[in-house]
There are 2 protein chains.
Amino acid sequence: MSLLVVGSVAFDEVETPFGKCEKMLGGSASHFSISASFFTEVNVVAVVGGDFGSEELQTFSNHGIDTSDLEKIPDGKTFRWGGRYDYDLNVAHTLYTDLNVFADFKPKLSEKSRSARLVFLGNIQPDLQRGVREQVPGAELVALDTMNLWIETARESLLRTIRDVDVLIINDAEARQLTGIPNLIKAARTILTWGPKALIAKRGEYGAALFTAESYFAIPAYPLESVFDPTGAGDTFAGGFMGYLSSQKDLDEAALRRAMIFGSVMASFNVEEFGTARTQRLTDEEINERFRDFKRMTHFEEIPFERAVRALK
Amino acid sequence: MSLLVVGSVAFDEVETPFGKCEKMLGGSASHFSISASFFTEVNVVAVVGGDFGSEELQTFSNHGIDTSDLEKIPDGKTFRWGGRYDYDLNVAHTLYTDLNVFADFKPKLSEKSRSARLVFLGNIQPDLQRGVREQVPGAELVALDTMNLWIETARESLLRTIRDVDVLIINDAEARQLTGIPNLIKAARTILTWGPKALIAKRGEYGAALFTAESYFAIPAYPLESVFDPTGAGDTFAGGFMGYLSSQKDLDEAALRRAMIFGSVMASFNVEEFGTARTQRLTDEEINERFRDFKRMTHFEEIPFERAVRALK
């Protein structure tokens, strides 16, 4: 049972209508690995600069996350992202993106990482994702996230990378953009002919949907009266999803469905506070309680109707 | 077991990217009653003009719908609506609205209608809705639909009408507009302090949610690869919802949940063809088959996670 993630480790500066945080641990690999760590052992492949201190490393080790493959470039600076949200928390306004050491990132995998059973290719340049994928040919399940930037600027490389992954985890808007098909169901069916065996479409406040060739599974989002900071929700979802799968022997449809719920549970906690603050101090019982909430809010009895009085036809 | 609906009966002219229909049976009461007729006996209170012929009446009687309270004004014309949809089928562009006999509509209820067990107040002027509601004081459950027009132009009357109904069935955008609260969960909680015991928020392609003081239930929409004509989907949902409830002895939470599914099932058929064409020729088995599909696409096993390997904390 081991899970490998490649992605970004960053310092985020975020402003929302509810507050401001000038420097906190962020990036896809951070959100993903902290979320996944509740379910399994995680190896992080990423790069940081000399400004990445022992306090930040401690956050990873507190969660039992293996950082042997977290490359440190002492005379470089860690990736920084600054963003602002208005009252419509669905839209992030990027204030700045300083790639720093991330600009020359070449993922290097140790022997242990190369033997990972599950792999998550976080949202980085598709050539790099493919490079990592090729180093773990024996992985049982590989999932990939991407974004509009790569769909627009590196489409051919992205399509080649998608061909060799098992699960695509993207936003519904990205599924439409990737295929040029406005109807999500049609777009999903098309993507499933490209290689992946499953597509997960994340729909923000509307939940998420899982498509495979034979089945469709859709869940609502956890009903939150307020969202504090949506940054990292998608990676936290992916972390819960992949982390749970990594803890399971059989990666069958039933496991995928429960993994969707655990992904949503983790994302619902993530947005309650800045960065990874809420996720970091979660307990197993809090996670399971919200998992049971999902059952309560989606369950109905399967009793087909029988017409008591025949109409006059 | 009887269900009363007050609303519009109209002739619709609809143009979509997939076709055009110059004159077909439409209006909230038509879509609602045909949908509900699969589950229960329906009485329609509405008004039509001299141009409403025996063919249209036949459509109602084919489904065992009681039209005794369908008032006919021989020297008037039936309500007509013309609309157009572009590729974004979520947005209807109204081309014209000729109220005709509907402009002076004063709903008149026969003794039979006044003894209805369930009542649906379709989307008409809130004073008229309240007038009908006062004539059925003994109804076990009264539901109401409305629209942005009444929220903007008759807000005070609408709020007074809402106070005395049990279930509000509206779009999520309307729930936000009605309360001025952007977060749907908060908006729903607020509406539930006004009188209704339940709120249903319709979310189009994202499904629907049911809010009560104690519970939350959310379902996806049926995954359709193409939507042909969305006109009447909301009223068809309400017809399936209220029709199913009308067939049930206990109007408890479990029945409400199944009613949500049957509402979604009926709406999913409605949008497959123009007007009520698809709904009209449905069979009980088709309805139950899609009901079972909903179970298949929302079910997951409730197995909480157990941490196999403790993290290093």
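Each chain carries its own residue numbering, running from 1 in the written order of its sequence. The lettering of chains begins at A and the numbering of ligands begins at 1, in the order of writing. Per-residue local features are limited, in this predicted model, to residues with pLDDT of at least 70; the limit for side-chain atom pairs, both in listing and counting, is 80 or more; totals at the level of whole chains, interfaces and linings are taken over all residues. Neither water nor hydrogens contribute to the side-chain values; these are computed over all heavy atoms in the structure.

Trainee: It is not clear to me how the overall build of chain A should be interpreted in this structure. Could you clarify?
Mentor: Working definition: helices are DSSP H or I runs of at least four residues, strands are E runs of at least two. Numbering for both runs from the N terminus. Looking only at helices and strands, one finds 12 helices and 13 strands in chain A. Note that the radius of gyration is over C-alpha atoms, with the globule rule given as 2.2 Å times the number of residues to the power 0.38. For 313 residues, the compact-globule estimate of 2.2 N^0.38 gives 20 Å, and chain A sits close to it at 20 Å. With the C-alpha coordinates of chain A rotated into their principal frame, the extents come out at 85 × 40 × 35 Å. Every one of the 313 residues in chain A was classed for burial, and the buried ones make up 59%. For chain A, restricting intrachain contacts to residue pairs at least 6 apart in sequence, the fraction spanning at least 24 positions comes to 63%. The method behind every accessible area is Shrake-Rupley, applied with a 1.4 Å probe, and residues are considered shielded solely by the protein chains displayed. Working note: accessible area of chain A is about 12,200 Å², and carbon and sulfur atoms make up 50% of it. In chain A, the 34 positive side-chain charges and the 45 negative ones have mean positions that sit 6 Å from each other. Each residue gets one of three labels from its accessible area relative to the maximum for its type: buried under 20%, exposed over 50%, partly exposed in between, using a 1.4 Å probe on protein chains only. Whether two residues are in contact is decided by their heavy atoms: any pair within 4.5 Å suffices. The charged-residue count follows a simple rule in which Lys and Arg add positive charge and Asp and Glu add negative charge, with His and chain termini not counted at all. Here the site of a charge means NZ on Lys, CZ on Arg, CG on Asp, or CD on Glu.

Trainee: Looking at this model, I keep getting lost on the sheet that holds strand 2 (residues 10-16) of chain A. Mind explaining?
Mentor: Each strand in a sheet pairs with its neighbour through backbone hydrogen bonds, running either in the same direction (parallel) or in the opposite one (antiparallel). All names here are of chain A. With respect to topology, four strands assemble into an open sheet ordered 3-2-6-7, the strand pairing being mixed. Unpaired on one side and paired on the other, strand 3 (19-26) and strand 7 (92-98) mark the two borders of the sheet. This sheet shows a mean twist of 15° between the axes of neighbouring strands, independent of strand direction. For two strands to count as paired, DSSP must find a minimum of two bridges between them. Strand direction decides the pairing type here: strand 6 (residues 79-85) and strand 7, joined by six bridges, are antiparallel. Counterpart to Gly-82 in the pairing with strand 7 is Tyr-96. Note on method: axes are straight lines fitted to C-alpha atoms, helices fitted across the in-contact stretch only, with angles between N-to-C directions ranging 0 to 180 degrees.

Trainee: Help me out: how do you make sense of the relation of the copies chain A and chain B in this one?
Mentor: The two chain copies are connected by a rotation around an axis plus a translation along it. Expressed as a screw transformation, the operator carrying chain A onto chain B has a rotation angle of 180° and an axial translation of 0.0 Å, and the superposed copies differ by an RMSD of 0.0 Å. Interpreted geometrically, this transformation is the action of a two-fold axis. In terms of C-alpha distance to the rotation axis, chain A has Tyr-206 of chain A as its closest residue, with the C-alpha 3.2 Å off the axis. The atoms used to superpose the copies are C-alpha atoms, taken from residues with pLDDT of at least 70 in both, and the fit is least squares.

Trainee: Explain helix 4 (residues 126-135) of chain B to me, please; I cannot follow it from the model alone.
Mentor: Side chains three or four residues apart in an α-helix point the same way, a direct result of the helix having 3.6 residues per turn. All names here are of chain B. Of all the positions in helix 4, only Pro-126, Gln-129, Arg-130, Val-132 and Arg-133 are classed as buried. All buried residues of helix 4 lie within an arc of 160° about the axis, which places them on one face of the element. Turning to helix 4, the residues buried within the fold contact strand 1 (3-6), strand 8 (118-121), strand 9 (141-144), helix 5 (148-153) and helix 6 (155-163). A distance of 2.6 Å separates the backbone nitrogen of Asp-127 from a side-chain oxygen at the start of helix 4, and that oxygen is part of Gln-125. As used here, the arc belongs to the directions running from the helix axis to the C-beta atoms. In the analysis that follows, any N or O atom pair within 3.5 Å is treated as a polar contact, provided that within protein one partner can donate a hydrogen and the other can accept it, and provided that, for residues neighboring in sequence, both atoms belong to side chains.

Trainee: How should the interface of chain A and chain B be read in this particular structure?
Mentor: By a widespread convention, an interface's size corresponds to the accessible area lost as its parts come together. Taken together, the contact pairs 58 residues of chain A with 57 residues of chain B. Together chain A and chain B conceal approximately 5,300 Å² of surface at their shared face, both sides included; 56% is due to carbon and sulfur atoms. What counts as buried area is the accessible surface, traced by a 1.4 Å probe, that two parts surrender upon association, with contributions from both included. Considering only the side of chain A, the residues that lose the most area to chain B are Tyr-206, Phe-300 and Phe-305 of chain A, jointly responsible for 16% of the buried surface there. Think of a salt bridge as a Lys or Arg side-chain nitrogen and an Asp or Glu carboxyl oxygen that are within 4 Å of each other. Where chain A packs against chain B, one counts seven salt bridges. Put simply, Arg-258 of chain B and Glu-301 of chain A hold a salt bridge, and the shortest N to O gap is 3.4 Å. At the boundary of chain A with chain B, the tally comes to 21 residue pairs in polar contact (both at pLDDT 80 or more).

Trainee: Hey, could you run me through the sheet that holds strand 5 (residues 70-73) of chain B in this one?
Mentor: Residues and elements named next belong to chain B. Ordered by their spatial adjacency, nine strands build an open sheet running 5-4-1-8-9-10-11-12-13, and the pairing between neighbours is mixed. Both edges of this open sheet fall to strand 5 and strand 13 (216-219), since each of them pairs with a single strand only. Averaged over all pairs of adjacent strands, the angle between strand axes in this sheet comes to 15°, irrespective of strand direction. Sheet analysis places strand 8 next to strand 9, joined by four bridges and oriented parallel. Within the sheet, the bridge partner assigned to Val-119 lies in strand 9 and is Val-142. The strands touched by helix 1 (residues 28-36) within the sheet are strand 1, strand 4 (42-49) and strand 8, with strand 1 carrying the most contacts at an inclination of about 165°.

Trainee: Explanation requested: the pattern of salt bridges in the structure shown.
Mentor: For side chains of opposite charge, pairing can occur when their charged atoms come near one another. Residue and element names in this part refer to chain B. Applying the stated criterion across every chain yields a total of 39 salt bridges over all chains. Its salt-bridge partner being Lys-197, residue Asp-166 comes within 2.6 Å of it at the nearest N-O pair. You can see Asp-166 sitting in the loop between helix 6 and strand 10 (167-171) and its partner Lys-197 sitting in the loop between helix 8 (184-191) and strand 11 (198-202), a full 31 residues away along the chain. For Asp-166, a relative accessible area of 12% corresponds to the buried category.

Trainee: Can you walk me through the side chain of Thr-179 of chain B in this structure?
Mentor: Residues and elements named next belong to chain B. When you line up the elements, Thr-179 lands in helix 7 (residues 172-179). Judged by relative accessible area, Thr-179 falls into the buried class, the value being 18%. Among the polar contacts listed, one links the side chain of Thr-179 to the backbone oxygen of Arg-176, at a separation of 3.4 Å. Excluding anything up to four places from it in sequence, Thr-179 contacts Ala-187, Thr-190, Ile-191 and Trp-194.

Trainee: Explain helix 9 (residues 233-246) of chain B to me, please; I cannot follow it from the model alone.
Mentor: Residue count minus one, scaled by 1.5 Å, sets the expected span of a helix. Taking 1.5 Å as the rise per residue, helix 9 of chain B with 14 residues should run 20 Å; its terminal C-alpha atoms sit 20 Å apart, in good agreement. The buried fraction of helix 9 of chain B amounts to 13 of the 14 residues, a majority that puts the element mostly inside the structure.

Trainee: How should the pairing of strand 5 of chain B be read in this particular structure?
Mentor: If a strand is regular, its side chains alternate between the two faces of the sheet. All names here are of chain B. Across four bridges, strand 4 lies against strand 5 in parallel orientation. Paired with Gly-49 across the bridge in strand 5 is Ile-73. With respect to chirality, the unit in which strand 4 leads through helix 2 (residues 54-62) into the neighbouring parallel strand 5 is right-handed. A clockwise path from the first strand over the helix to the second, with the strands pointing away from the viewer, defines a right-handed crossover.

Trainee: What's the story with the environment of Lys-108 of chain B in this structure? I'm lost.
Mentor: Residues and elements named next belong to chain B. Positionally, Lys-108 belongs in the loop between strand 7 (92-98) and helix 3 (111-114). Judged by its relative accessible area of 49%, Lys-108 is partly exposed. For the pair Lys-108 and Leu-70, spaced 38 residues apart in sequence, the C-alpha separation works out to 9.0 Å. The residues contacting Lys-108, other than those within four sequence positions of it, are Val-45, Asp-69 and Glu-71. Within the structure, Lys-108 has its side chain in polar contact with the side chain of Glu-71 (distance 3.3 Å). Separated by 3.1 Å, the side chain of Lys-108 and the backbone oxygen of Lys-106 make a polar contact.

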